[in-house]
Amino acid sequence: MELHILEHRVRVLSLARPGLWLYTHPLIKLLFLPRRSRCEPGFEGTDWGGLRCRSGTRCKFFSLTETPEDYTLMVDEEGFKELPPSEFLQVAEGTWLVLNVSSHSGAAVQAAGVTKIARSVIAPLAEHHVSVLMLSTYQTDFILVREQDLSVVIHTLAQEFDIYREVGGEPVPVARDDSSNGFPRAQHGPSPTVHPIQSPQNRFCVLTLDPETLPAIATTLIDVLFYSHSAPKEAASGGPGSSSITFFAFSLIEGYISIVMDAETQKKFPSDLLLTSSSGELWRMVRIGGQPLGFDECGIVAQIAGPLAAADISAYYISTFNFDHALVPEDGIDSVIEVLQRRQEGLGS
């Protein structure tokens with residue numbers, strides 16, 4: 001197996017709902033104009049009538065996830081430049097690097113979810129106190145780690161993976177450091193916090209789209225993301241079963257599109273353009289966290305992915321600024337809740 005450290009340097013942000021109006025225009029540019037193809041103010045290059053012009057890529061890593069609380073943005077440095085600072089935009093400290101696991105076969109298959117890397121990546125990083133964020137897409141699973149933790153990540157995973165760093169689009173092998181002198185070994189820290197879980201009643205679809213047909217759904221996508229808001233039916237805090245919540249995730253990463261939406265929202269889109277697996281499987285959500293989770297706590301993903309992997313349950317996992325979300329097959333939601341509740345009881349005892 002290979003672990004690739006991609007070239008993206010990502011910032012993680014929270015956009016408060018009351019400030020959405022201020023960011024609608026830059027977000028639409030990132031959604032539908034990923035490449036700069038005309039003169040715009042502030043560009044470096046040839047001067048055309050007072051406009052500084054250049055061609056190039058606006059953003060290669062863009063993810064926007066709407067939750068009841070806010071919008072979470074994960075964007076690379078080029079995309080980050082498009083977002084003006086304001087009181088509505090909260091930026092997580094530090095820069096995050098993006099890791100991706102691939103098999104030697106290179107076969108293009110739909111992602112099986114975070115559980116396939118639970119034992120080999122998620123658990124070892126948690127043991128070494130590395131905080132991770134996860135972004136599962138239709139195509140693959142991305143692991144985000146703080147740039148400052150990269151040396152720990154490489155040391156921790158070097159025995160399990162051939163590690164490459166993408167440089168100019170080409171994979172460059174990362175030298176293994178076989179010496180562990182002076183390197184902090186995994187230690188038993190305090191017991192992990194037991195986070196409550198909730199399962200809203202939404203039935204979700206995981207979809208993709210040919211980027212060439214993105215303009216055909218532009219009006220609907222803009223309406224769903226920015227304008228057609230009703231009062232969200234937030235998940236109740238009294239137990240794992242609750243009413244529906246607002247959740248919509250869109251990512252455009254290296255030219256590949258992934259969308260997560262509930263089945264009711266999907267009805268607004270042209271059915272012939274959105275692509276899903278041949279089974280057309282629907283998914284249910286497990287939402288992790290009663291209070292905002294923060295970025296310094298380690299092992300949150302492992303608490304969920306580990307038990308699901310042990311039970312051989314596939315899952316997608318999407319971290320947001322305040323909470324984490326696992327998507328599991330609809331027909332297995334009851335067993336998933338049971339597995340995770342047993343895990344909670346074990347941690348809490």
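- An unreviewed UniProt entry lists the protein chain under the name Cytosolic arginine sensor for mTORC1 subunit 1, with Vicugna pacos given as the organism.
- Database annotation for the protein chain, UniProt heading Subcellular location (unreviewed entry): "Cytoplasm, Cytosol".

1. Some points on the packing of helix 3 (residues 118-127) against helix 4 (residues 150-157)
No. 1: Running from N to C, helix 3 and helix 4 point in directions that differ by 125°, and their axes come no closer than 10 Å. The angle between helix 3 and helix 4 falls in the class oblique. Handedness of the helix 3/helix 4 crossing: right-handed. Packed against helix 3, whose contacting residues are S120, V121, P124 and L125, the element helix 4 presents V153, T156 and L157 at the interface.
No. 2: Tallied by class, the residues present in the contact of helix 3 with helix 4 amount to five nonpolar, two polar and no charged.

2. Some points on the packing of aromatic side chains
No. 1: In the structure shown here, the tally under the stated rule is four aromatic pairs.
No. 2: Considering the side-chain rings of F61 and F142, the 5.7 Å spacing of their centres and the 70° angle between planes classify their relative orientation as edge-to-face. One end of the pair, F61, is in strand 6 (residues 61-66); the other, F142, is in strand 11 (residues 141-146), and 81 residues separate them in sequence. Residue F61 shares its accessibility class with F142, and that shared class is buried.
No. 3: With centroids separated by 5.9 Å and ring planes inclined at 85°, the aromatic side chains of F204 and F247 adopt a geometry described as edge-to-face. Residue F204 is found in strand 15 (residues 204-209), and its partner F247 is found in the loop between strand 16 (241-242) and strand 17 (248-253); the two are separated by 43 residues along the sequence.

3. Quick notes on the side chain of N202
No. 1: Considering the arrangement of structural elements, one finds N202 in the loop between strand 14 (197-200) and strand 15.
No. 2: Side chain to side chain, N202 and S244 meet in a polar contact 3.5 Å long.
No. 3: Polar side-chain contacts of N202 include one of 2.9 Å to the backbone nitrogen of I245.

Each value, and the rule that gives it
- Note on numbering: residues in each chain are counted from 1, in written sequence order.
- Local features in this predicted model are restricted to residues whose pLDDT is 70 or higher, and side-chain atom pairs enter the listing and the counts only when it is 80 or higher, whereas totals over whole chains, interfaces and linings include all residues.
- To obtain the side-chain values, all non-hydrogen atoms of the structure were included, while hydrogens and water were left out.
- UniProt positions are given in the numbering used here, feature names are shortened, and annotations may be inferred rather than shown by experiment.
- The angle between two axes is taken between their N-to-C directions and runs from 0 to 180 degrees, where each axis is a line fitted to C-alpha atoms and a helix contributes only its stretch in contact.
- Helix and strand labels come from DSSP, where a helix needs a run of H or I of at least four residues and a strand needs a run of E of at least two; each type is numbered from the N terminus.
- Every angle not falling under 35 degrees, over 145, or within 65 to 115 is termed oblique; those three ranges are roughly parallel, roughly antiparallel and roughly perpendicular.
- Crossing handedness is read from the near helix: turned anticlockwise from the far helix by less than a right angle, it gives a left-handed crossing, and turned clockwise, a right-handed one.
- Here, residues are in contact when the closest pair of their heavy atoms is within 4.5 Å.
- Amino acids outside the nonpolar list (Ala, Val, Leu, Ile, Met, Phe, Trp, Tyr, Cys, Pro) and the charged list (Asp, Glu, Lys, Arg) are all regarded as polar, and Gly is one of them.
- For Phe, Tyr and Trp, where Trp contributes only its six-membered ring, two rings pair if their centres lie within 6.5 Å, and the inter-plane angle classes them as stacked under 30 degrees, edge-to-face over 60, or tilted in between.
- Exposure classes here rest on a 1.4 Å probe applied to the protein chains alone. A residue is buried below 20% of its type maximum, exposed above 50%, and partly exposed in between.
- Each polar contact in these results corresponds to two N or O atoms within 3.5 Å; when the atoms are within protein, one needs to be able to donate a hydrogen and the other to accept it, and residues that are neighboring in sequence are counted only if both atoms are side-chain atoms.

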